Structures are given as C-alpha cells and as structure tokens.
Amino acid sequence: MVASLSHFEDTDLPYREKLAVRFAEKMAIDHQNVDDEFFAELRREFTDPEIFELGMITGMFIGYGRLLAMLDLENPEEPEG
C-alpha cells in the first residue's frame, strides 16, 4: 500500500482518501499554493476539525522526516557484528 502512494491517483482508494493524500502531499511540497478552491473541495468531504487533524498529523510526520534527515538517520547503516 505504501509503495502505491507514489501513484495514488491511479489506485482504487476511495475519493476521500485520495483527497487526504493530496492534502498531505500539498502540505509537504507545495503548501504556499493551497488555494480556496482546494479548501472548498476538502470541506465537501471533511469537517473543519477533520481538516485540522489531517493538517496536524501531516505536519508532525513532515517534521519527523526532516528531523531524521537532519540527523542523518533516514538510511541507518547495518549494525556491525
């Protein structure tokens, strides 16, 4: 399932889940260009508290990823032994 996320639009995920992934992707790589039209689309599928929760969880994982990259822990070496 995780491997399919690189082409999630072509999967059989429900529309609501695709929209959540699209939201997370926009937060991660294009947060400055999230417009009112996209938020209107989100509000057709999610309540405001759900949108906030999606944003908080996504932000937390973006932060974890950046911390791992900063500490060079993304691809830990195999332990010697």
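Bear in mind that the values here come from a model prediction, so they are computed numbers and not experimental data.

The contact between helix H2 (residues 36-45) and helix H3 (residues 48-70) brings their axes to 8 Å, and the two run at 115 degrees. In terms of orientation, H2 lies roughly perpendicular with respect to H3. Seen along the crossing, H2 lies across H3 with a hand that is right-handed. Facing H2, whose interface residues are Phe39, Leu42, Arg43 and Glu45, H3 presents Asp48, Glu50 and Ile51. The residue makeup of the contact of H2 with H3, split by class, is three nonpolar, no polar and four charged.

For the rest of this paragraph, the subject is H2. Within the sequence span of H2, burial applies to Phe38, Glu41 and Leu42. Projection of H2 onto a plane perpendicular to its axis shows the buried side chains occupying an angular sector of 100 degrees, all on one side. Exposed positions of H2 whose direction lies more than 90 degrees from the buried face are Asp36, Glu37 and Arg44. Residues of H2 that are buried make contact with helix H1 (15-29) and H3.

Before going further, it helps to examine the confidence of the model for the protein chain. The predicted structure's coordinates, where accompanied by low pLDDT, should not be read in detail. For the protein chain, per-residue confidence averages 86 on the pLDDT scale, and residues scoring 70 or more make up 84% of the total. Within the protein chain, H1 has the poorest average pLDDT of any element, 92, and H2 the best, 95.

Attention now moves to the packing of H1 against H3. To describe two helices that pack against each other, one gives the angle between their axes and the distance between the axes. The N-to-C vectors of H1 and H3 enclose an angle of 50 degrees; their axes lie 10 Å apart at closest approach. In terms of their interaxial angle, H1 and H3 are classed as oblique. With respect to the hand of their crossing, H1 and H3 are arranged in right-handed fashion. Of H3, the residues touching H1 (which contributes Arg16, Ala20, Phe23, Ala24, Met27 and Ala28) are Glu50, Ile51, Leu54, Gly55, Thr58, Gly59, Ile62 and Arg66. Its residues assigned to classes, the contact of H1 with H3 shows eight nonpolar, three polar and three charged.

Attention shifts here to the pattern of salt bridges. Following the criterion strictly, the structure yields three salt bridges and no others. Residue Arg22 is joined to Glu41 by a salt bridge in which the shortest nitrogen-to-oxygen separation is 3.1 Å. Placement of Arg22 in helix H1 and of Glu41 in helix H2 is noted, with a sequence separation of 19 residues between them. Relative accessible area serves as the criterion here: at 17%, Arg22 is assigned to the buried category. By relative accessible area, which is 17% here, Glu41 ends up buried. When the shortest N-O distance is used, the salt bridge between Asp48 and Arg43 registers 2.8 Å.

How each quantity is defined
- Residues numbered from 1 in each chain as written.
- Predicted model: local features only at pLDDT ≥ 70, side-chain atom pairs only at ≥ 80, totals over all residues.
- Heavy atoms only, no water.
- Axes fitted to C-alpha atoms, helices over the stretch in contact; angles between N-to-C directions.
- Helix = DSSP H or I, 4+ residues; strand = E, 2+ residues; numbered from the N terminus.
- Parallel < 35°, antiparallel > 145°, perpendicular 65-115°, else oblique.
- Left-handed = near helix turned anticlockwise from the far one by under 90°.
- Contact = heavy atoms within 4.5 Å.
- Nonpolar A, V, L, I, M, F, W, Y, C, P; charged D, E, K, R; others polar.
- Buried < 20%, exposed > 50% of the residue type's maximum accessible area, 1.4 Å probe, protein only.
- Arc of directions from axis to C-beta.
- pLDDT = per-residue confidence, 0-100.
- Salt bridge = Lys/Arg side-chain N within 4 Å of Asp/Glu carboxyl O.

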